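Chains, contacts and geometry: an overview
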Amino acid sequence: MDTLQLLSWSCIVCTLGMFSTGLTDLKKMRESKSVDNVQFLPFLTTCLNNLAWLYFGVLETDQTLILVNTFGAILQIVYILSYFHYTKQKSLVISHTLGAATVLTCGWFYFAVFLSDENTRINQLGLTCSVVTISMYLSPLANLVEIVRSRNVQCLSFPLTVMTLLTSTSWVLYGHQINNYYIVVPNTPGILTSLIRFYLFWKFSPANSSTPHYDPLHI
């Protein structure tokens, strides 16, 4: 197995592992028959992000991107349907979903129909995917500031932090290997924010607790 194949499998395994952290929320919803303490928008935005990267993977004929984001999109759709089943605010979920579908349709029309040059399409789609991914990685920064102020890491998930670091690192190395900076650049903030979280765990974890509990944080 060469280096590219090894990095490809690393990206697949780590990313699917990170996407699967939502199974905890799925289990919580099934057990409680409610959506208390479960956020809907992360499922929806991640699904849109997966579909955008899937389209980019198709244009680039990159089987790693296609496989990972196909599975990711399916998994997010399962989460969305489960949330819709258990929530009492179904109209709000429908409106958000229709809004996302509208954005997706307009985006597809712009990239697939309006842009006739393939290189322009790939470059603009890659830039769009990069901006969205970077914003998703940076969105929890406000929570990190609050953690520093409160000196409490109970709202952070240690397993998710580990998976985010491994996933981001795998994609950065993979992007370097295939010389695609639309993959390298948006995943670099994932490494940085994960390292910040590790520092917060080290700094603010209870010193007298041998098995601290960390609640999940959606990113």
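Residues numbered from 1 in each chain as written. Predicted model: local features only at pLDDT ≥ 70, side-chain atom pairs only at ≥ 80, totals over all residues. Heavy atoms only, no water.

Quick look at the packing of helix 2 (residues 23-32) against helix 4 (residues 63-86)
Two numbers describe how helix 2 lies on helix 4: the axes approach to 10 Å, and their chain directions differ by 20°. Classified by the angle between their axes, helix 2 and helix 4 sit roughly parallel to one another. You can see that helix 2 and helix 4 cross each other, and the crossing is left-handed. Residues L23, L26, M29 and R30 of helix 2 form the contact with helix 4, whose participating residues are V78, Y79, S82, Y83 and Y86. (Axes fitted to C-alpha atoms, helices over the stretch in contact; angles between N-to-C directions. Helix = DSSP H or I, 4+ residues; strand = E, 2+ residues; numbered from the N terminus. Parallel < 35°, antiparallel > 145°, perpendicular 65-115°, else oblique. Left-handed = near helix turned anticlockwise from the far one by under 90°. Contact = heavy atoms within 4.5 Å.)

Notes on the environment of D25
For D25, the position within the fold is in helix 2. Distance in space between the C-alpha atoms of D25 and W9 is 26 Å, their sequence separation being 16 residues.

Side note on the confidence of the model for the protein chain
Here the protein chain shows a mean pLDDT of 87. Residues at 70 or above account for 93%. Mean pLDDT values for the elements of the protein chain range from 77 in helix 7 (residues 141-150) up to 94 in helix 4. (pLDDT = per-residue confidence, 0-100.)

Some remarks on the side chain of T64
Its place among the elements puts T64 in helix 4. Not counting residues within four places of it along the chain, the set of residues in contact with T64 comprises S8, C11, I12, W171 and Y174.

Comments concerning the nonpolar core
With 32 residues, the main nonpolar core has M29, F56, Y83 and W171 as its most contacted residues. When residues of this core are traced back to their parent elements, those giving at least two are helix 1 (3-19), helix 2, helix 3 (41-60), helix 4, helix 5 (90-114), helix 6 (118-138) and helix 8 (158-177). It is helix 4 that provides the largest number of residues to this core, a total of seven residues. With residues up to four places along the chain from it excluded, the contact list for Y83 reads M29, V35, V38, Q39, F40, F43 and V93. Residues I147, V153, L156 and F204 belong to the second largest nonpolar core, which totals seven residues. (Core = buried A, V, L, I, M, F, W, Y, C linked by side-chain atoms within 4.5 Å. Buried < 20%, exposed > 50% of the residue type's maximum accessible area, 1.4 Å probe, protein only.)

A closer look at the packing of aromatic side chains
Taken as a whole and judged by the stated rule, the model has ten aromatic pairs. Residues W53 and F56 carry aromatic rings whose centres are separated by 5.4 Å and whose planes lie at 90° to one another, so their mutual orientation is edge-to-face. Of this pair, W53 and F56 both sit in helix 3, three residues apart, roughly one helical turn. Of the two residues examined, W53 and F56, each falls in the buried class. Geometrically, the ring pair formed by Y199 and W202 is tilted, given 5.8 Å between the ring centres and 40° between the ring planes. (Phe/Tyr/Trp six-rings, centres within 6.5 Å; stacked < 30°, edge-to-face > 60°.)

Considering the packing of helix 3 against helix 4
At a minimum axis distance of 8 Å, the contact between helix 3 and helix 4 shows a crossing angle of 155°. Relative to helix 4, the element helix 3 is oriented roughly antiparallel. For the crossing formed where helix 3 meets helix 4, the hand is left-handed. Along the contact surface, helix 3 presents P42, F43, L44, T46, C47, N50, L51, W53, L54, F56, G57 and V58, while helix 4 presents L65, I66, N69, T70, G72, A73, Q76, I77, Y79, I80 and Y83. A class-by-class count of the residues in the contact of helix 3 with helix 4 yields 16 nonpolar, seven polar and no charged. (Nonpolar A, V, L, I, M, F, W, Y, C, P; charged D, E, K, R; others polar.)

Quick look at the environment of L51
Relative to the elements of secondary structure, L51 occurs in helix 3. Taking the C-alpha atoms as reference, L51 lies 37 Å from S150; in sequence the two are 99 residues apart. Excluding its chain neighbours within four sequence positions, the residues that come into contact with L51 are A73 and L104.

A look at unusual backbone geometry
With the exception of glycine, the majority of residues adopt a negative phi angle, and the majority of peptide bonds are in the trans configuration. The backbone phi angle of K33 is positive, close to 55°, even though this residue is not glycine. Checked against the element boundaries, K33 lands in the loop between helix 2 and helix 3. The class of K33 is exposed, set by a relative accessible area of 57%.

A closer look at the side chain of T193
Mapped onto the fold, T193 is located in helix 9 (residues 181-204). A polar atom in the side chain of T193 sits 3.3 Å from the backbone oxygen of G190. Ignoring any residue separated from it by four or fewer positions in sequence, one finds T193 in contact with Y137, L138 and L141. (Polar contact = N/O pair within 3.5 Å; in protein donor to acceptor, adjacent residues only side chain to side chain.)

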